[in-house]
Amino acid sequence: FDMVSGWKKKRHDPPGKTIPSRLFNFVARTLSGIPLHDFNCGLKIYRREVVRTLRVYGELHRFIPVLAHSQGWRVGELVVQHHPRRWGTTKFGMKRFLTGFLDLLSVLFITRFTVSPMHLFGTFGLLTMLAGFGILAYLTAIWFMGDPIGHRPLLFLGILLMVVGMQSFSVGFIGDMISHMRLTHEDPYRSPGDWREHDA
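Residues numbered from 1 in each chain as written. Predicted model: local features only at pLDDT ≥ 70, side-chain atom pairs only at ≥ 80, totals over all residues. Heavy atoms only, no water.

(A) Quick peek at the overall build of the protein. Each helix and strand counted, the protein has 7 helices and 3 strands in total. When its helices and strands are written in sequence order, the protein yields β-α-β-α-α-β-α-α-α-α. Counting all 200 residues of the protein, 32% fall into the buried class. Within the protein, counting contacts between residues at least 6 apart in sequence, those at least 24 apart form 76% of the total. Of the roughly 13300 Å² of accessible surface on the protein, a fraction of 66% belongs to carbon and sulfur atoms. (Helix = DSSP H or I, 4+ residues; strand = E, 2+ residues; numbered from the N terminus. Buried < 20%, exposed > 50% of the residue type's maximum accessible area, 1.4 Å probe, protein only. Contact = heavy atoms within 4.5 Å. Areas by Shrake-Rupley, 256 points an atom, 1.4 Å probe, with all protein chains shown as cover.)

Set out below in structure tokens:
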């Protein structure tokens, strides 16, 4: 492995901390596709090359395995011994649980859609526009049959979906243009083996 993350399999924490942590790790494991049981364990071992490639800011240190895995590094897990808290009080709470979930969404976005934002925004935009187009087509057919549609809330929903879809598609298009400009100066497909050869 290029990185090994600890797993506090037997924890000495109160249920108010272990239950939300298990839920968080389950969501992180499901969405990221990385079979780790403890993403937040502070005990981790890295190769030097891995540390050089990671860009961590804010509170993304909780998701270093996700960031490393997205770059092609081999991530593993090892059971470690967890000791009960002897001093101080825990800072864990619902606020940290919420911010951790939002950080997870940020990590998944930057690891999957940074190079191709159109895949996310474009897909959402097309589906939204198709839904709006279907609603408006339905209302148009009703209008041709002589039924007024100006008072129908469905009309405003169809217009809203079309506008939101076009905006989302435009965001994806602009994001792709920005990514293209940035990638002309970088190599996003540089493999971990290239780093090893460079260091050698």
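(B) Main features of the pattern of salt bridges. Within this structure, the stated rule accounts for 4 salt bridges. Between R47 and D2 there is a salt bridge whose closest N-O contact spans 3.1 Å. With a gap of 45 residues between them, R47 in the loop between β2 (44-46) and α2 (48-53) and D2 in the segment before β1 (3-7) connect regions that are remote in the sequence. Under the relative-accessibility criterion, R47 is labelled partly exposed at 38%. Look at D2 and you get buried, because its relative accessible area is 3%. In this structure, the salt-bridge partner of R74 is D2, at a minimum N-O distance of 3.2 Å. (Salt bridge = Lys/Arg side-chain N within 4 Å of Asp/Glu carboxyl O.)

(C) Local environment of the pairing of β1. Among the 5 residues of β1, 4 are classified as buried, and the element is accordingly described as predominantly covered. Bridging between β1 and β2 involves 3 bridges; their strand directions are antiparallel. By the bridge assignment, M3 is partnered in β2 with Y46. Sheet analysis places β1 next to strand β3 (residues 75-79), joined by 5 bridges and oriented parallel. Opposite W7, over in β3, you have V79 as the bridge partner. (Pairing = 2+ DSSP bridges.)

(D) Spotlight on the sheet that holds β1. Ordered in space as β2-β1-β3, the 3 strands form an open sheet in which the pairing is mixed. Looking at which strands have only one partner, the edges of the open sheet turn out to be β2 and β3. On average, each strand axis in the sheet is tilted by 20° relative to the strand beside it, whichever way the strands run. (Axes fitted to C-alpha atoms, helices over the stretch in contact; angles between N-to-C directions.)

(E) Inspection of the nonpolar core at higher detail. Ranked by size, the top nonpolar core spans 19 residues in total, and within it F39, L54, F63, V66, A68 and V107 carry the most contacts. Among the secondary structure elements, those contributing two or more residues to this core are α1 (15-32), α3 (64-70) and α4 (94-112). Considering every element that reaches this core, the biggest residue donor is α3, with 4 residues. Of all hydrophobic cores here, the second largest spans 5 residues; its members include I135, L139, I142 and I149. (Core = buried A, V, L, I, M, F, W, Y, C linked by side-chain atoms within 4.5 Å.)

(F) Quick look at helix α5 (residues 118-144). The end-to-end C-alpha distance of α5, which contains 27 residues, comes to 36 Å, matching closely the 39 Å that a straight helix rising 1.5 Å per residue would cover. The set of residues buried in α5 consists of M118, G122, G125, T128, M129, G132, I135, L139 and I142. Phi turns positive one or two residues past the end of α5, at G146, with a value near 95°. (Expected span 1.5 Å × (residues − 1).)

(G) Structural context of the packing of aromatic side chains. Enumeration according to the criterion identifies 2 aromatic pairs in this entry. When the ring of F24 is compared with that of F63, the centres are 5.8 Å apart and the planes differ by 50°; the resulting orientation is tilted. Taken together, the residues F24 in helix α1 and F63 in the loop between α2 and α3 connect sequence positions 39 residues apart. (Phe/Tyr/Trp six-rings, centres within 6.5 Å; stacked < 30°, edge-to-face > 60°.)

(H) Inspection of the side chain of T128 at higher detail. One can find T128 in helix α5. Classification of T128 by relative accessible area gives buried; the value is 9%. Setting aside its immediate chain neighbours within four residues, T128 contacts L161, V164 and G165.

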